[in-house]
Amino acid sequence: MARPSKFSVDEILDAAAAAVSAHGPKVTIAQVSDEIGVPVGSIYHRFPSRIHLMASLWLRSVQRFHVGLLETASIADPYQAMLAQAVHQPQFCREHPNDALAMTLYGQSQLLNVAPPELRPAVAEINDRIWSLGREQMSEYFGTVEDDVAAIVALAIRQTPYGMIRSYVRDQHTVPVWLDDAVRAAADAILQLAGKRAATWLRE
């Protein structure tokens, strides 16, 4: 009978996240091994290669981040739901700094090119539910999913919040609480531009 593993997959991924925080994005399996206190071979037993481990960490971190975004589906007002998606970014990164840092290891398109084949479908589909929810909220509020409006909404609730918190995450500084208000104000202003574009498009 095979001996039970001493550490779970999640515990090894926790150690990998802590090692990334301590040593940076070029962290080695040996450093992860030191973090959790198991032989290197035990990690390779669960994760066949370093890229398999790092890609799995990225996927888990993104999935954890998405939980709060998907919860905005319960907000009745779609405009407030979109604002909540924006503000979730600094809140999550403040509360889960290791996951936030792990999400910076790869971009989705980059990881699709290097991830092990068995993980590529998960990487390819990771954002599908989020994009679908965003389109539903945008359609409900603005009455359109026209490309220009969608681009402005993405700027409001994705790109601008990320740009405002990126340096804190990469430099491993705590995201300040006041940034939540700054993100909300910026997202609100940009969403109003989306509203003007939507009104123009609907008249055309």
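The structure presented is a predicted model; accordingly, all values stated were derived computationally and were not measured. (Residues numbered from 1 in each chain as written. Predicted model: local features only at pLDDT ≥ 70, side-chain atom pairs only at ≥ 80, totals over all residues. Heavy atoms only, no water.)

(A) Spotlight on the overall build of the protein chain. When helices and strands are counted, the protein chain shows 11 helices and zero strands. If you list the helices and strands of the protein chain from N to C, you get α-α-α-α-α-α-α-α-α-α-α. Taking the principal axes of the C-alpha coordinates as reference, the protein chain spans close to 70 × 35 × 30 Å. By residue count, 44% of the 204 residues in the protein chain fall in the buried class. Of the contacts made within the protein chain by residues no fewer than 6 positions apart, 71% connect residues no fewer than 24 positions apart. (Helix = DSSP H or I, 4+ residues; strand = E, 2+ residues; numbered from the N terminus. Buried < 20%, exposed > 50% of the residue type's maximum accessible area, 1.4 Å probe, protein only. Contact = heavy atoms within 4.5 Å.)

(B) Main features of the nonpolar core. In terms of nonpolar packing, the biggest core is built from 36 residues, with Val 32, Ile 43, Leu 53, Met 54, Leu 57 and Trp 58 touching the most fellow members. At the level of secondary structure, the elements contributing two or more residues to this core comprise α1 (9-23), α2 (29-36), α4 (50-70) and α6 (97-102). Top contributing element to this core by residue count: α4, with nine residues. Setting aside its immediate chain neighbours within four residues, Met 54 contacts Ala 16, Val 20, Val 27, Leu 105 and Tyr 106. Tyr 79, Val 87, Met 138 and Phe 142 belong to the second largest nonpolar core, which has 23 residues in total. (Core = buried A, V, L, I, M, F, W, Y, C linked by side-chain atoms within 4.5 Å.)

(C) Seen up close, the packing of α1 against α4. Put simply, α1 and α4 touch, their axes get as near as 10 Å, and they point 95° apart. It follows from the interaxial angle that α1 and α4 lie roughly perpendicular. Every residue of α4 that contacts α1 at Asp 10, Ile 12, Leu 13, Asp 14, Ala 16, Ala 17 and Val 20 is listed here: Leu 53, Met 54, Ser 56, Leu 57, Arg 60 and Arg 64. Tallied by class, residues from the contact of α1 with α4 come to eight nonpolar, one polar and four charged. (Axes fitted to C-alpha atoms, helices over the stretch in contact; angles between N-to-C directions. Parallel < 35°, antiparallel > 145°, perpendicular 65-115°, else oblique. Nonpolar A, V, L, I, M, F, W, Y, C, P; charged D, E, K, R; others polar.)

(D) Quick peek at the UniProt feature "domain: HTH tetR-type" (unreviewed entry) in the protein chain. If you check UniProt for "domain: HTH tetR-type" (unreviewed entry), the listed places come out as residues 6-65 in our numbering. Counted over residues 6-65, helix gives 77% and strand 0%. Its end C-alpha atoms are 27 Å apart. (UniProt positions renumbered as here; feature names shortened; annotations may be inferred.)

(E) Region of the structure containing the packing of aromatic side chains. Summed over the entire model, instances satisfying the criterion amount to three aromatic pairs. Here the aromatic rings of Tyr 141 and Phe 142 are separated by 4.9 Å at their centres, their planes lie at 90°, and the arrangement is edge-to-face. Note on Tyr 141: relative accessible area 41%, which makes it partly exposed. A relative accessible area of 7% means that Phe 142 is categorised as buried. An aromatic cluster of three or more residues is present, and its members are Tyr 79, Tyr 141 and Phe 142. (Phe/Tyr/Trp six-rings, centres within 6.5 Å; stacked < 30°, edge-to-face > 60°.)

(F) Spatial organisation of the packing of α4 against helix α5 (residues 78-95). Closest axis-to-axis distance for the α4/α5 pair is 9 Å, and the angle between their directions is 135°. Taken together, the axes of α4 and α5 are oblique relative to one another. Helix-helix and strand crossings are classified by hand; for α4 and α5 the assignment is right-handed. In contact with Ser 61, Arg 64, Phe 65, Gly 68 and Leu 69 of α4, α5 contributes Gln 85, His 88, Gln 89 and Phe 92. Each residue belonging to the contact of α4 with α5 can be placed in one class, and the counts come to three nonpolar, five polar and one charged. (Left-handed = near helix turned anticlockwise from the far one by under 90°.)

(G) Here's a closer look at the pattern of salt bridges. For the coordinates displayed, the defined rule picks out six salt bridges. Salt-bridge contacts for Arg 60 lead to Asp 10; the nearest nitrogen and oxygen are separated by 3.1 Å. With Arg 60 in helix α4 and Asp 10 in helix α1, this residue pair connects regions lying 50 residues apart in the sequence. Through salt bridges with shared partners, a single ionic network connects Asp 10, Asp 14 and Arg 60. (Salt bridge = Lys/Arg side-chain N within 4 Å of Asp/Glu carboxyl O.)

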